[in-house]
Amino acid sequence: GAGVSQSPSNKVTEKGKDVELRCDPISGHTALYWYRQSLGQGLEFLIYFQGNSAPDKSGLPSDRFSAERTGGSVSTLTIQRTQQEDSAVYLCASSLMAGGMYEQYFGPGTRLTVT
Amino acid sequence: AQTVTQSQPEMSVQEAETVTLSCTYDTSENNYYLFWYKQPPSRQMILVIRQEAYKQQNATENRFSVNFQKAAKSFSLKISDSQLGDTAMYFCAFWGNQGGKLIFGQGTELSVKP
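About the cut-offs
Residues numbered from 1 in each chain as written. Chains lettered and ligands numbered in written order. Predicted model: local features only at pLDDT ≥ 70, side-chain atom pairs only at ≥ 80, totals over all residues. Heavy atoms only, no water. Salt bridge = Lys/Arg side-chain N within 4 Å of Asp/Glu carboxyl O. Buried < 20%, exposed > 50% of the residue type's maximum accessible area, 1.4 Å probe, protein only. Helix = DSSP H or I, 4+ residues; strand = E, 2+ residues; numbered from the N terminus. 1 Å grid on protein atoms, 1.4 Å probe; cavity = no way out; pocket = protein on both sides within 12 Å on 5 of 7 lines; lining within 4 Å. Points joined across faces, edges and corners; volume = space filled by probe spheres on them. Nonpolar A, V, L, I, M, F, W, Y, C, P; charged D, E, K, R; others polar. Pairing = 2+ DSSP bridges. Axes fitted to C-alpha atoms, helices over the stretch in contact; angles between N-to-C directions. Contact = heavy atoms within 4.5 Å. Buried area = accessible area lost by both parts, 1.4 Å probe. Polar contact = N/O pair within 3.5 Å; in protein donor to acceptor, adjacent residues only side chain to side chain.

Caption draft 1: Examining the pattern of salt bridges more closely. Residues and elements named next belong to chain A. What the rule picks out here adds up to 6 salt bridges over all chains. Across the pair aspartate 24 and arginine 22 runs a salt bridge whose closest N-O atoms are separated by 2.8 Å. Looking at aspartate 24, the relative accessible area reads 23%, which means it is partly exposed.

What follows is the structure in structure tokens.
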């Protein structure tokens, strides 16, 4: 079946512009996660959604970052007034439910470059 | 707060040989999960192996096995009969009772040489 998809695969933007990154999770997966991977670093948790519960936003680095998940499916991560330090690969993952026993399936990521 | 540490930024191994990647973690929880993920140059994160902390038996998946030492908070990955396709970044990750998120180590870049 189809895996997690993300678009665009690459995005170059000027400092100060807003960007939107999209994630399409695996159909039927109730949990969706966003992570950020800076150059040569591990993955840093940003936010996750579980069903209709309030999202866990504890990893968002600033109020310039926000995310929503519409209809329990597609998610959009928005970064306002982008800064050069926002340059990174943004990875989305989904799982059947939230929990360690449920594998998180990752998308291919969006590489964001802020010039 | 939980932390995951991978102390080997880079490693290399000859094809067909065995290599062990190290991972240590810190937590006060008793029930949790540990994972090894592989990230090839394509950026696609792939789950290699998973270990539940309450299971004493070490997990094994074909050529991949772990050495889980709960008291020492150590979780190493052994790759046997290394293949060129094993060349990738390997990340150790922890899941505890802090919600759905995984906590990742910094990664180990593994090169398999012919």
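And the narrative resumes.
Caption draft 2: Fine view of unusual backbone geometry. Here the amide bond leading from serine 7 of chain A into proline 8 of chain A is cis, since omega sits at -10 degrees, within 30 degrees of zero. Tracing the chain through its elements places proline 8 of chain A in the loop between strand E1 (5–7) and strand E2 (10–13). Even without being a glycine, arginine 81 of chain A presents a positive backbone phi close to 50 degrees. Take arginine 81 of chain A: it is sitting in the loop between strand E7 (75–79) and strand E8 (88–95). Since its relative accessible area comes to 42%, arginine 81 of chain A is described here as partly exposed. The backbone of alanine 16 of chain B sits at a positive phi, close to 80 degrees, despite the residue not being glycine. Locating alanine 16 of chain B in the fold gives a position in the loop between strand E2 (10–14) and strand E3 (19–21).

Caption draft 3: Representation of the layout of surface pockets within the structure. In this structure, the largest pocket encloses a volume near 560 Å³. In terms of lining residues, the largest pocket is bounded by 28 residues, among which Gln37, Leu39 and Gly40 of chain A together with Gln39 and Met89 of chain B are the most central. Looking at side-chain class alone, the lining of the largest pocket contains 11 nonpolar, 13 polar and 4 charged residues.

Caption draft 4: A look at the sheet that holds E7 of chain A. Residue and element names in this part refer to chain A. On the basis of which strands lie adjacent, the open sheet formed by 4 strands has the order E1-E3-E7-E6 and antiparallel pairing. Two strands bound the open sheet, and with one partner strand each, they are E1 and strand E6 (65–69). Direction aside, the axes of adjacent strands within the sheet are offset by 15 degrees on average. Here 5 bridges tie E6 to E7, and the two strands are oriented antiparallel to one another. Residue glutamate 68 lies in a different strand from E7, and its bridge partner there is threonine 76.

Caption draft 5: Main features of the interface of chain A and chain B. Facing the 28 residues of chain A at the interface are 19 residues of chain B. When the area that chain A buries against chain B is broken down by residue, the three leading residues are Leu43, Gly100 and Phe106 of chain A, summing to 28%. Along the contact surface separating chain A from chain B lie 0 salt bridges. One can count 8 residue pairs in polar contact (both at pLDDT 80 or more) joining chain A with chain B. Broken down by secondary-structure element, the contributors of at least two residues to the side of chain A that touches chain B are strand E4 (31–37), strand E5 (43–50), E8 and strand E10 (110–114) of chain A. Across the side of chain A that touches chain B, the residue classes break down as 12 nonpolar, 13 polar and 3 charged.

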